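# Coordinates in review
Below are the chains, spelled out letter by letter.
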Amino acid sequence: GQQVMQIPQYQHVQEGEDFTTYCNSSTTLSNIQWYKQRPGGHPVFLIQLVKSGEVKKQKRLTFQFGEAKKNSSLHITATQTTDVGTYFCAKGGSEKLVFGKGTKLTVNP
Amino acid sequence: DGGITQSPKYLFRKEGQNVTLSCEQNLNHDAMYWYRQDPGQGLRLIYYSQIVNDFQKGDIAEGYSVSREKKESFPLTVTSAQKNPTAFYLCASSTKGVPDTQYFGPGTRLTVL
């Protein structure tokens, strides 16, 4: 179908360690969006990637879009306790977004 | 303040009762969406609307109904036909359907007893 597969489902790290979540699709993506949902909160838009091979940075967060536009990743350098939450990727390109199931990140201080 | 409001934050209902969840936005967005979130399931699309008086079923529309009589409002009714209605419901809006950023409301946590 139109699914985007996101791995891992859960990730627990020590504060200061790096974290990466991956989003994969069997079909070419027009674009990919990333959202963060804090515990008890609602998803908040982080970034959108459109171009093949695109890399964007937001402070300690690095977002990549694969050359074939079938996968994307979010990497957090030196995690902090404020990074806890669930990170979702979502594929665009139609009149609706299709969300991955998310990666839940917990950080041990 | 511009944004999306959902009310109430917590809602309890008895089994067999219909319940309507409110979603209002003052962002002047054309498109609005309803999602259901269960633990480990991510966000699943229930219904969406790209224009007033028009809406489309999402992936899990059975047991739900919506209306879009005004641009700023997109209420969701959870009917008694929904077999497992207890969940976290999120409303979102965007300037257009393809493929713009979605802005989410704070959500309503519905518990059916």
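Located above this text is the structure these notes cover.
For clarity, every value in this text was computed on a predicted model and none was experimentally measured. (Residues numbered from 1 in each chain as written. Chains lettered and ligands numbered in written order. Predicted model: local features only at pLDDT ≥ 70, side-chain atom pairs only at ≥ 80, totals over all residues. Heavy atoms only, no water.)

### Section: the overall build of chain A
- Tallying secondary structure elements over chain A gives zero helices and 11 strands in all.
- In chain A, the succession of α and β elements from N to C terminus is β-β-β-β-β-β-β-β-β-β-β.
- On C-alpha atoms alone, chain A measures out to a radius of gyration of 13 Å, which is about the 13 Å that the 2.2 N^0.38 rule sets for 109 residues.
- The principal-axis extent of the C-alpha atoms belonging to chain A is close to 40 × 25 × 20 Å.
- Evaluated residue by residue, chain A yields a buried proportion of 47% over its 109 residues.
- Once local pairs closer than 6 in sequence are excluded, the contacts in chain A between residues at least 24 apart make up 53%. (Helix = DSSP H or I, 4+ residues; strand = E, 2+ residues; numbered from the N terminus. Rg over C-alpha atoms; globule rule 2.2 N^0.38 Å. Buried < 20%, exposed > 50% of the residue type's maximum accessible area, 1.4 Å probe, protein only. Contact = heavy atoms within 4.5 Å.)

### Description of the side chain of His29 of chain B
Residues and elements named next belong to chain B.
- Within the secondary structure, His29 is located in the loop between strand 3 (19-25) and strand 4 (31-38).
- Judged by relative accessible area, which is 5%, His29 ranks as buried.
- Looking at His29, its side chain comes within polar contact range of the main-chain nitrogen of Ser94, at 3.4 Å.
- With near-sequence residues (within four places) excluded, His29 lies in contact with Arg68, Lys71, Ser93, Ser94, Thr95 and Tyr103. (Polar contact = N/O pair within 3.5 Å; in protein donor to acceptor, adjacent residues only side chain to side chain.)

### Structural notes on the pattern of salt bridges
- Here the structure, examined in full by the defined rule, presents five salt bridges over all chains.
- Note that Asp83 of chain A and Arg60 of chain A form a salt bridge whose closest N and O atoms lie 2.9 Å from each other. Here Asp83 of chain A, found in the loop between strand 8 (71-76) and strand 9 (85-91), pairs with Arg60 of chain A, found in the loop between strand 6 (55-58) and strand 7 (61-65); they are 23 residues apart in sequence, far enough to count as distant.
- Since its relative accessible area comes to 4%, Asp83 of chain A is described here as buried.
- For the salt bridge of Arg44 of chain B with Asp38 of chain B, the shortest nitrogen-to-oxygen distance reads 2.8 Å. (Salt bridge = Lys/Arg side-chain N within 4 Å of Asp/Glu carboxyl O.)

### As for the interface of chain A and chain B
- Listed as interface residues are 20 residues of chain A and, on the opposing side, 22 residues of chain B.
- Across the chain A/chain B interface, buried area totals approximately 1,700 Å², and carbon plus sulfur atoms make up 53% of it.
- When the buried area of chain A at its contact with chain B is split by residue, Glu95, Lys96 and Phe99 of chain A rank highest and sum to 32% of it.
- One can count zero salt bridges joining chain A with chain B.
- Inspection of the region where chain A meets chain B yields two residue pairs in polar contact (both at pLDDT 80 or more).
- Of all the secondary structure elements, the ones that give two or more residues to the side of chain A that touches chain B are strand 4 (32-37) and strand 5 (43-49) of chain A.
- Looking at the side of chain A that touches chain B residue by residue, the class counts come to six nonpolar, 11 polar and three charged. (Buried area = accessible area lost by both parts, 1.4 Å probe. Nonpolar A, V, L, I, M, F, W, Y, C, P; charged D, E, K, R; others polar.)

### Looking at the pairing of strand 5 (residues 42-51) of chain B
Residue and element names in this part refer to chain B.
- Across the 10 residues that make up strand 5, a large majority, seven, are buried.
- Here seven bridges tie strand 4 to strand 5, and the two strands are oriented antiparallel to one another. What sits directly across from Arg36, in strand 5, is Arg44.
- Between strand 4 and the antiparallel strand that follows it, strand 5, lie three residues; Gly40 among them carries a positive phi value of about 75°. (Pairing = 2+ DSSP bridges.)

### Section: the sheet that holds strand 1 (residues 4-7) of chain B
Residues and elements named next belong to chain B.
- With antiparallel pairing, four strands are arranged side by side in an open sheet as 1-3-8-7. The outermost strands of the open sheet, each flanked by one partner alone, are strand 1 and strand 7 (64-66). Direction aside, neighbouring strands of the sheet carry axes that sit 20° apart on average.
- Here four bridges tie strand 1 to strand 3, and the two strands are oriented antiparallel to one another. The partner of Ser7 across the bridge, within strand 3, is Ser22. (Axes fitted to C-alpha atoms, helices over the stretch in contact; angles between N-to-C directions.)

### Digging into the pairing of strand 8 of chain A
All names here are of chain A.
- Across six bridges, strand 3 (residues 19-24) lies against strand 8 in antiparallel orientation. Each residue of the ladder has a partner; that of Asn24, found in strand 8, is Asn71.
- Bridging between strand 7 and strand 8 involves five bridges; their strand directions are antiparallel. Looking across to strand 8, one finds that Thr62 is bridged to His75.

All quantities given are derived from atomic positions and should not be read as evidence of function.
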